[in-house]
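Structure assessment
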Amino acid sequence: MNRRTFCALLPAAAGGFSRARAAAEQPPRERQLFDNDWKFLLGDPAGAESPAFDASAWRTLDLPHDWSIEGRIDPQSPMSGSGGYFPAGIGWYRRTLTVPASWSGKRISVEFEGVYMSASVYINGRDLGMHPYGYTSFFHDLTEHLKPGENVLAVRVDQSKQRNSRWYSGSGIYRHVWINVTDPVHIAPWGVFLTTPEAGDRAKVSVKTRVVNESGDRAKVTLRTLVYAPGGAVAGDATSLAEVNPMDSVELEQEVAVDHPTLWSPESPSLYRAVTRVIRDGNAVDEMATPFGIRTVAWSAENGFLLNGKPVKMAGGCVHHDNGPLGAAAFDRAEERRVQLLKDAGFNAVRCSHNPPSPAFLEACDRLGMLVMDEAFDCWSRGKNMYDYSVAFKDWWQRDLDSMILRDRNHPSVVMWSAGNEIPERGEPLGAQEAQMLADYVRSLDRTRPVTSALNFVPKWTDTDAFYAALDIGGYNYNLSNHTADHQRVPSRIMVCTESFPRATFDDWTMVADFPYIVGSFVWTAIDYLGESGLGRWSLRDANDTNREGYGAPYPWHGAVCGDMDMCGERRAISHYRNIVGDRGENLYLGVRQPVPEGKRMSVTMWGVWPVYSSWTWPGMEAKPLDVEIYSRGELVRLYLDGKLIGEKPTTRSEKFTANFSVPYAPGVLRAVALQGGRQIAESVLRTVGEPARLRLTTDRSSIRADGQDLSFVTVEALDAAGHPHPNAEHEIAFHLEGPGSVAAVGNGDMTGEEPYYATQRKLFQGRALAVVRTSRSAGVLKLNASAPGLKGAQIRIVSRATNR
């Protein structure tokens, strides 16, 4: 079901329900997307919360919105390298809310999925409160402050305290906003909780529903829950009766039996839907639809992680929340695309580092089949920066855990909760006490999933035992080598590698594969992100320079450059190596290591790897040796240049599935063949290309919705005359869009480029760049044109189709 559906409609098969009748009836619950036509100002004028304030000169925009990504990086930015040198500050948003007569007697609330950060919300000038944490969703009840007709909702976003994050956070109302309209007797926000304790030939679906009575009368209600199978047929139902006192609530428990269920897994992400209806005096007064999956999870040191009774190793990647060139703006399609990129790159699990993700991200994980570690905080009472979450922890940790757990607990993709990351007090009694406090509270909300927290180094490792004892699973950042001693000391401890260095891919995955009590590994990171500038960078230093690449990098580095994929989604060599080591369907990768000139040496940070490129185009390197690197699951590989055998080498586990050949560079065709038992199982070819001659545009989707929210991600490449992509092209590309839409962002994989992302031109990096096209609310044909000096241009058509909203 589309996220923007205003109410949950039952199929026609349910109790004679028809869409025609539904159209004529007032829906029991209205859920209106409230993203359009906001007024915005970057600044802090006095009185901006007042309805009388004149905001007519402010910019009009649609959410989601991140004002930081719209600015240019600046070496003087107070966000510094940790925030990617982007601007921040204070911003105001205003929007008119028109209240129709049909809302009389209803309860009206506004729901913010995420605002970064310190969001003060006002309705008609009245202060509703401030929400400090930028990553949790929150509600405000508007009912008592509204009047018929026009009302003014205003939001002040304070991102002026610059030392509040260790990575790029973005700024503004960067996720969706909703208006919820309900009867006074209704289902509580996030008030439906579905679990599937049994999932054999017959599944047992447990449904807990909290019904709230905000009326002045005692309410007798009937609660009916229908479960729909993935194909839409009714799979089961339950009915309960209850009485709810005025200004009180009750929680009703129901069980629904589902015969021969289709189980949810990453390979087969089948989704059911529970529709819960509250009936009073014969009328439906509320209704809520909840997608869910039928699956079981079990964890033990003896058997590891069992999903539906079968062992699963979590081949995971850590991700931050930004969408690359779009910044923090959480467009549904951008969130879905990130999950698709992760799946296509071989991951079956993702760690949401270090904060709850957007609802759209989790919905995509449910649909596409991605296991999730849902993480709450980067710190607790002791901070890492002056104005980070430690400032709010004491007063807000329970409310923020409520938000994460209650909002996300119906997602089948979420299999583990994480309470924190690299908590500074982790090796002290205080850390153990806080870990117990948070873990116990999480379990009070959901006992169906284990609780973990990620720990990195402490002076005496055994000092972490009390901290780990509070958890269900021990999270290990960069120190999984402690597992043998830890297992001997605490045999019952289940372990997960919550962060690993990319360069440790073989060693970490070998430990995961060989020991059942290690349930998975999450690399830092799966996709490049903004901020933590230059974390995985490399450089060529003088041979006698013994300095190491440290943490952080100077301007103009503004991104981490440590991902298996770059920020536009292009896979690096390490991504292919990870799949080959993990035996995830890839058998061969052919590349060339970055050459090092005489008198220089390669210097790489701990989070980086020696760069390897899928290229045999190295002008200026003629007759000089290049280090050809091959990864393979075959027993051996053979390498040919222009059909002549260069040599063959084994690529078994003892060689870490890697072979290297020194090959004097000569233009031509480089070909690698992988063999198993004397039989060819894979082939890879690199060829020298000619000079760039023309551009090519390709899109991830050529048909998108005209809803003002949908996106098409368009890749531009430089090709030679024969149509081969040129890996070294650096042309400046100008984009021009015709039709009802806009270029929302541009980007490439270069984390040192100073060009803005909110623009219509971008330089190619390693032969590629990306343009993100956003629809308007008008249907039509979009034509994106790309041009560059000296190259033949390109055009691509994208259909923006009308949608019912």
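What counts, and where the lines are drawn
Residues numbered from 1 in each chain as written. Predicted model: local features only at pLDDT ≥ 70, side-chain atom pairs only at ≥ 80, totals over all residues. Heavy atoms only, no water. Helix = DSSP H or I, 4+ residues; strand = E, 2+ residues; numbered from the N terminus. Rg over C-alpha atoms; globule rule 2.2 N^0.38 Å. Buried < 20%, exposed > 50% of the residue type's maximum accessible area, 1.4 Å probe, protein only. Areas by Shrake-Rupley, 256 points an atom, 1.4 Å probe, with all protein chains shown as cover. Lys, Arg positive; Asp, Glu negative; His and termini not counted. Charge placed at Lys NZ, Arg CZ, Asp CG, Glu CD. Pairing = 2+ DSSP bridges. Right-handed = clockwise from strand over helix to strand, strands pointing away. Salt bridge = Lys/Arg side-chain N within 4 Å of Asp/Glu carboxyl O. Axes fitted to C-alpha atoms, helices over the stretch in contact; angles between N-to-C directions. Expected span 1.5 Å × (residues − 1). Contact = heavy atoms within 4.5 Å. 1 Å grid on protein atoms, 1.4 Å probe; cavity = no way out; pocket = protein on both sides within 12 Å on 5 of 7 lines; lining within 4 Å. Points joined across faces, edges and corners; volume = space filled by probe spheres on them. Nonpolar A, V, L, I, M, F, W, Y, C, P; charged D, E, K, R; others polar. Polar contact = N/O pair within 3.5 Å; in protein donor to acceptor, adjacent residues only side chain to side chain. pLDDT = per-residue confidence, 0-100.

Let's shift gears to the overall build of the protein chain. Secondary structure summary: the protein chain contains nine helices and 47 strands in total. Taking 28 Å as the expected radius of gyration for a compact globule of 805 residues, we find that the protein chain reaches 27 Å, a close match to that expectation. Projected onto its principal axes, the C-alpha coordinates of the protein chain cover approximately 90 × 65 × 55 Å. Counting across all 805 residues of the protein chain, residues that qualify as buried make up 60%. As presented, the protein chain carries roughly 30600 Å² of accessible surface, and 50% of it is formed by carbon and sulfur atoms. Within the protein chain, the 95 negative side-chain charges are centred at a point lying 2 Å from the centre of the 87 positive side-chain charges.

The next point concerns the pairing of strand E8 (residues 138-141). Side chains Phe138 and His140 project from E8 onto a buried face, and the interleaved Phe139 and Asp141 project onto a face without burial. Inspection of the sheet shows strand E5 (residues 107-112) paired to E8 by four bridges, in the antiparallel sense. Each residue of the ladder has a partner; that of Ser109, found in E8, is Asp141.

With that settled, the discussion passes to the pairing of strand E24 (residues 414-421). Within E24, eight of the eight residues are buried, leaving the element largely enclosed by the surrounding structure. Taken together, the four bridges between strand E23 (residues 371-375) and E24 define a ladder with parallel strand orientation. Residue pairing in the sheet places Val372 in a bridge with Val414 of E24. This β-α-β element, E23 to helix H4 (residues 390-408) to E24, shows right-handed connectivity. In the sheet, E24 pairs with strand E25 (residues 451-455) via three bridges, with the strands oriented parallel. Paired with Ser418 across the bridge in E25 is Thr452. Between E24 and its parallel partner E25, the chain crosses via helix H5 (residues 429-445), and the hand of that crossover is right-handed.

Cis geometry marks the peptide bond from Tyr116 to Met117, where omega comes out at -10°. Within the secondary structure, Met117 is located in the loop between E5 and strand E6 (119-123). In this structure, His354 follows Ser353 across a cis peptide bond, with omega equal to -10°. Structurally, His354 can be placed in the loop between strand E22 (349-352) and helix H3 (359-368). Unlike most non-glycine residues, Ala623 shows phi in positive territory, near 70°. Not every positive phi belongs to a glycine, and Gln766 is a case in point at roughly 55°. Tracing the sequence through the fold places Gln766 in the loop between strand E44 (761-763) and strand E45 (768-775).

Attention now goes to the pattern of salt bridges. In the structure shown here, the tally under the stated rule is 54 salt bridges. Between Asp583 and Arg633 there is a salt bridge, with its nearest N and O atoms 3.6 Å apart. Of this pair, Asp583 sits in the loop between helix H9 (573-581) and strand E30 (588-593) while Arg633 sits in the loop between strand E33 (625-632) and strand E34 (636-641), and the two are 50 residues apart along the sequence. By relative accessible area, which is 24% here, Arg633 ends up partly exposed. Here Glu717 makes a salt bridge to Arg768, at a shortest N to O gap of 3.8 Å. Pair noted here: Glu717 is in strand E41 (residues 711-719) and Arg768 is in strand E45, with a separation of 51 residues, a long-range link.

Quick look at the sheet that holds E5 now. Strands sit in the order E1-E10-E5-E8 across an open sheet of four strands; the sheet is antiparallel. In this open sheet, the two strands that pair with only one neighbour each are strand E1 (29-33) and E8. Recorded for the sheet is a direction-independent mean angle of 20° between the axes of neighbouring strands. With six bridges joining them, E5 and strand E10 (residues 177-182) adopt antiparallel strand pairing. Opposite Ser109, over in E10, you have Asn180 as the bridge partner.

With 17 residues, H5 extends 25 Å between its outermost C-alpha atoms, agreeing within 8% with the 24 Å of an ideal straight helix rising 1.5 Å per residue. Taken together, the buried positions of H5 are occupied by Gly431, Ala432, Glu434, Ala435, Leu438, Ala439, Tyr441, Val442, Arg443 and Leu445. On the buried face of H5, the contacting elements are strand E11 (185-199), H4, E24, E25 and helix H6 (465-469).

This model, assessed by the stated rule, comprises five cavities of 30 Å³ or more. Forming the boundary of the largest cavity are 20 residues, of which Asp322, Asn323, Gly324, Arg338 and Met567 lie nearest the centre. Looking at which element gives the most residues to the lining of the largest cavity, the answer is helix H2 (residues 332-344), with four residues. Looking at the lining of the largest cavity residue by residue, the class counts come to eleven nonpolar, four polar and five charged. For the second largest cavity, the calculated volume is near 100 Å³. Ser500, Trp509, Ser521, Arg578 and Arg584 are the residues nearest the centre of the second largest cavity, which is lined by 13 residues in total.

Counting buried residues in H9 gives nine out of nine residues, a clear majority hidden from the surface. Residues of H9 that are buried include every one of Ala573, Ile574, Ser575, His576, Tyr577, Arg578, Asn579, Ile580 and Val581, and no others. Buried residues along H9 sit against helix H8 (505-514), strand E28 (518-523), E30, strand E32 (612-613), E33 and strand E36 (658-664). Count one or two residues on from H9 and you reach Asp583, which has phi positive near 55°.

A word on the side chain of Ser603. With respect to the helices, strands and loops of the structure, Ser603 is situated in strand E31 (residues 600-604). Relative accessible area serves as the criterion here: at 3%, Ser603 is assigned to the buried category. There is a polar contact of 3.5 Å between the side chain of Ser603 and the side chain of Arg541. Sequence-distant contacts of Ser603, defined by excluding residues within four places in its chain, comprise Arg537, Trp538, Ser539, Arg541, Asn547, Arg548 and Glu549.

Okay, the confidence of the model for the protein chain next. On average, the protein chain scores 95 in pLDDT, and the residues at 70 or more come to 97%. In this model residues 1-25 is a low-confidence stretch, pLDDT under 50, and it forms 50 contacts with partners more than four residues away in sequence or in other chains.

Tracing the backbone through its elements, the reader meets Leu438 in helix H5. Between the alpha carbons of Leu438 and Ser418 there is a distance of 9.9 Å; along the sequence they are 20 residues apart.

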